[in-house]
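The residues making up each chain are set out below.
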Amino acid sequence: MSNFTNLSCAIVGLPNVGKSTLFNALTRKQIPSENYPFCTIDPHEGIVNVDDPRLRILSEQSNSKKIVYATVTFVDVAGLVKGASKGEGLGNQFLSHIRETDAIAQVVRCFENPDIIHVAGKVDPLDDIQVITLELILSDLQMAENTIARLEKQAKGKKEALAALDLLKKASHHLNQNLPLRSLALNPEEEAILTLYPFLTRKKVIYICNVGEEDIPSLDNPLVQRVREYAAQENSSVIPVCAKIEEEISQLDANDAKEFLNSLGLQESGLDRVIKEAFSTLGLITYITTGEIETRAWTIKKGSTAAEAAGKIHSDIEKGFIRAEVVSYEDMIRYKGRARAREAGKARSEGRDYIVQDGDVILFFHN
């Protein structure tokens, strides 16, 4: 699991749902997306920038030599199939690739095309979601049962171990009803215990509905509607994209891509929506530092203090923290930089416990 300086997201999906096409577009890495299962053997990784126009504007203002964007790492996990948790297809090794990421983006097929075979012989996105969810549940169940067996030997009279044991039994019971652990209601103490175990079905999920070109620009159809209804029940988000169009966009430079999107009646690429959604799904925000050397976005958890934010840059800055001078992004633009914002009384001096807001432009003072 990443420490949120770099968020990682596993892209999963059954064979032939458009997963590799989407991954190619995301990372501009051309990996084969032939029309058959298992063309993606190793988990391919691609690191992508989180597009943030604020950085470009601040960088011009500061005459920065470079811009450093926040990033998301996408891991393309080879096509999962029924029975993966028992080692079917390339089963277990893929489940371990998912375990190392922060969130799951599941690509589901929401387009009809007789030329592209579906592994189940019919297009049913809810069935696709359930096949993969079940594999992750079975894998979690196996882990829960193994851990329970181990703890039962160690737990005699140990309070912490007994609490963990009770909770794992509760989790196991939930999984046995074919329910993912993200739908299990927990109190804060239980939440803290369960984070110690890398359960797959605890991870947040984004459903990426891959639609056909005929569904542009609305990116909607009855199959997408069904996924939305399903996702709403488990509080997951849905991003419809057309992987084929995304792949075309990824070949273009920024200006041509914008023109092409506009010509299709779209505001931004589906991939930018996926990247932003991955960010907000995990409750992440960015604060910004800017100067002549660089303008940079720093990724932190929503609710982080100024001292914790300083620690992202360097642990010494957190240790020697004196104060943070904070100007909102809007004020940086309105007053054309920190010096004038300061003159206008818009530069706030904040202590170590200040809760950082998205888009705060911060200057740290430290020993």
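Scroll up to find the structure this text is about.
Bear in mind the structure is a predicted one, so any value in this text is a computation, not a measurement.

Calculation criteria
- Residues numbered from 1 in each chain as written.
- Predicted model: local features only at pLDDT ≥ 70, side-chain atom pairs only at ≥ 80, totals over all residues.
- Heavy atoms only, no water.
- Buried < 20%, exposed > 50% of the residue type's maximum accessible area, 1.4 Å probe, protein only.
- Helix = DSSP H or I, 4+ residues; strand = E, 2+ residues; numbered from the N terminus.
- Pairing = 2+ DSSP bridges.
- Axes fitted to C-alpha atoms, helices over the stretch in contact; angles between N-to-C directions.
- Salt bridge = Lys/Arg side-chain N within 4 Å of Asp/Glu carboxyl O.
- Arc of directions from axis to C-beta.
- Contact = heavy atoms within 4.5 Å.

Visitor: How do you make sense of the pairing of strand β10 (residues 321-328) when you look at a structure like this?
Guide: Two faces make up the sheet, and in a regular strand the side chains alternate between them. Burial runs high along β10: 6 of the 8 residues are buried. The pairing of β10 with strand β12 (residues 360-366) spans 7 bridges and is classified as antiparallel. Looking at β12, one finds that R323 is bridged to F365. Pairing of β10 with strand β11 (residues 348-350) involves 3 bridges; the strand directions are antiparallel. Each residue of the ladder has a partner; that of A324, found in β11, is E350.

Visitor: Please explain the sheet that holds strand β2 (residues 44-49) as it appears in this structure.
Guide: Within a beta sheet, neighbouring strands are joined by backbone hydrogen bonds and run either parallel or antiparallel to one another. Spatial ordering of the open sheet is given by β2-β4-β1-β5-β6-β7, a layout of 6 strands whose pairing is mixed. Taken across any chain shown, the strands that pair with only one partner, and hence form the sheet edges, are β2 and β7 (237-241). With direction set aside, neighbouring strand axes in the sheet form an average angle of 25 degrees. Bridge count for strand β6 (residues 204-210) against β7 is 5 bridges, and the pairing is parallel. For C209, the partnering residue across the bridge sits in β7 and is P240.

Visitor: So what exactly am I meant to see when it comes to the pattern of salt bridges here?
Guide: Charged atoms that come close allow side chains of opposite charge to pair. Taken as a whole and judged by the stated rule, the model has 18 salt bridges. The partner of D51 in a salt bridge is R56, with the nearest N and O atoms 3.0 Å apart. When its relative accessible area of 32% is taken as the criterion, D51 is described as partly exposed. The salt bridge partner of K66 is E294, with a shortest N-O separation of 3.8 Å. One end of the pair, K66, is in strand β3 (residues 66-68); the other, E294, is in strand β9 (residues 294-301), with 228 residues separating them in the sequence. Accessibility expressed as a relative area gives 45% for K66, which makes it partly exposed.

Visitor: When you look at helix α11 (residues 306-313) in this model, what are you seeing that I'm missing?
Guide: Given 3.6 residues per helical turn, the α-helix brings residues three or four places apart onto the same face. Taken residue by residue, α11 has A306, A307, A309 and A310 as its buried positions. One side of α11 holds all its buried residues, which, seen down the axis, span an arc of 160 degrees. In this structure, the buried residues of α11 make contact with β8 (284-290), β9, α12 (315-319), β10 and β12.

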